[in-house]
Amino acid sequence: PANLCGTWDIISNVNLEGYMVALGISPQLRKIALKLKLKKVIEQQGDEYIIKTTSTFRNYTVSFRMGQEFEEFTRGLDNRNVKSLVTWEGNKMVCEQIGEKKNRGWAHWIEDDKLHLDLFCEGEVCSQVFKKK
Ligand code: RET
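Residues numbered from 1 in each chain as written. Predicted model: local features only at pLDDT ≥ 70, side-chain atom pairs only at ≥ 80, totals over all residues. Heavy atoms only, no water.

*Asks:* Which parts of the structure should I look at to understand the pattern of salt bridges?
*Replies:* When the charged atoms of two side chains lie near each other, side chains of opposite charge can form a pair. A complete count under the given rule lists eight salt bridges for this structure. Taking the shortest distance from any N to any O, the salt bridge between Glu-43 and Lys-52 comes out at 3.5 Å. Residue classification places Glu-43 among the partly exposed residues on the basis of a relative accessible area of 28%. By relative accessible area, which is 27% here, Lys-52 ends up partly exposed. (Salt bridge = Lys/Arg side-chain N within 4 Å of Asp/Glu carboxyl O. Buried < 20%, exposed > 50% of the residue type's maximum accessible area, 1.4 Å probe, protein only.)

So, in structure tokens, the structure goes:
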């Protein structure tokens, strides 16, 4: 599988608003989130992955093992409990987040040396692209 590890800076962000509305995030928090320059730090320690989404306002960290379902609490985002499962689908690292919201998850992959991230929720898709630091 592809190596996604490294520190990445956001260069484009399409429909974060639609994704946040689908998650039921308040207008006040959405307004702040839209202004943030997000960073991703992806690390691998043995068979554990750690993905940090950082900003000047708030950080979000998730860690998991491939193919092992885990409990995720989306602290500071929409504050929901989901059952998450991350697997490789070809060169894409794909996460399914089972919970109250249908069709929820994300996919990370590399294309032209850029990190792509699609975030899904209830038919909304947010597409983010990051360049390596
Ligand atoms: C922040 C700030 C508060 C509001 C929103 C945020 C968005 C976080 C996102 C995180 C995605 C994380 C993923 C991790 C994968 O391992 C920055 C917490 C909306 C979209 C996909």
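Back to the write-up after that little detour.
*Asks:* Is there a simple way to explain empty space enclosed by the protein in this structure?
*Replies:* In this approach a probe as big as a water molecule rolls over the atoms, and the regions it shows empty are the leftover space. What the rule picks out here adds up to one cavity of 30 Å³ or more. Considering only enclosed or pocket space, the largest cavity measures out at about 570 Å³ in volume. At the level of secondary structure, the elements contributing two or more residues to the lining of the largest cavity comprise helix 1 (16–23), helix 2 (27–35), strand 3 (48–54), strand 4 (60–65), strand 8 (105–111) and strand 9 (114–121). The biggest single contributor to the lining of the largest cavity is helix 1, with three residues. In the lining of the largest cavity, the residues fall into 16 nonpolar, eight polar and five charged. (1 Å grid on protein atoms, 1.4 Å probe; cavity = no way out; pocket = protein on both sides within 12 Å on 5 of 7 lines; lining within 4 Å. Points joined across faces, edges and corners; volume = space filled by probe spheres on them. Helix = DSSP H or I, 4+ residues; strand = E, 2+ residues; numbered from the N terminus. Nonpolar A, V, L, I, M, F, W, Y, C, P; charged D, E, K, R; others polar.)

*Asks:* I would appreciate a short explanation of the side chain of Ser-84 in the present structure.
*Replies:* Along the chain, the position of Ser-84 falls in strand 6 (residues 81–89). The buried category is assigned to Ser-84, whose relative accessible area is 0%. Once residues within four sequence positions are removed from consideration, Ser-84 is found in contact with Gln-68, Glu-69, Phe-70, Glu-72, Cys-95, Glu-96 and Gln-97. (Contact = heavy atoms within 4.5 Å.)

*Asks:* Teacher, can you tell me more about the site of the ligand here?
*Replies:* As a matter of local geometry, the ligand sits amid 15 residues, with Met-20, Ile-51, Val-62, Trp-106 and Leu-119 nearest to it. In the complex, the protein chains occlude 98% of the 540 Å² of accessible area that the ligand would expose alone. Residues of the shell around the ligand, tallied by class, amount to eleven nonpolar, three polar and one charged. (Near = heavy atom within 4 Å. Areas by Shrake-Rupley, 256 points an atom, 1.4 Å probe, with all protein chains shown as cover.)

*Asks:* Quick question: what am I supposed to make of the layout of surface pockets here?
*Replies:* The space that makes up the largest pocket amounts to roughly 270 Å³. As for the largest pocket, its lining consists of 21 residues, and the residues nearest its centre are Glu-96, Asn-103, Arg-104, Gly-105 and Phe-120. Of all the elements in the fold, those that place two or more residues in the lining of the largest pocket are strand 7 (92–98), strand 8, strand 9 and strand 10 (124–132). The element contributing the most residues to the lining of the largest pocket is strand 7, with six residues. Along the lines of polarity and charge, the residues of the lining of the largest pocket split into nine nonpolar, five polar and seven charged.

*Asks:* How should I be thinking about the pairing of strand 1 (residues 6–14) in this particular structure?
*Replies:* Working note: regular strand, side chains alternate between the two faces of the sheet. As paired strands, strand 1 and strand 2 (residues 39–45) are joined by four bridges and run antiparallel to one another. Residue pairing in the sheet places Thr-7 in a bridge with Val-41 of strand 2. Where strand 1 meets strand 10, six bridges bridge the pair, whose relative direction is antiparallel. Note that in strand 10 the partner of Val-14 across the bridge is Ser-127. (Pairing = 2+ DSSP bridges.)

*Asks:* I'm lost on the packing of helix 1 against helix 2 in this one. Help?
*Replies:* Pairs of packed helices are described in terms of their axes, by the angle between the two and the distance that separates them. For the pair helix 1 and helix 2, the least separation of the axes is 10 Å and the interaxial angle reads 150 degrees. Comparing their axes, helix 2 and helix 1 come out roughly antiparallel. Seen from above, helix 1 lies across helix 2 with right-handed handedness. Every residue of helix 2 that contacts helix 1 at Leu-16, Glu-17, Met-20 and Val-21 is listed here: Arg-30, Ala-33 and Leu-34. Grouping the amino acids of the contact of helix 1 with helix 2 by side-chain chemistry returns five nonpolar, no polar and two charged. (Axes fitted to C-alpha atoms, helices over the stretch in contact; angles between N-to-C directions. Parallel < 35°, antiparallel > 145°, perpendicular 65-115°, else oblique. Left-handed = near helix turned anticlockwise from the far one by under 90°.)

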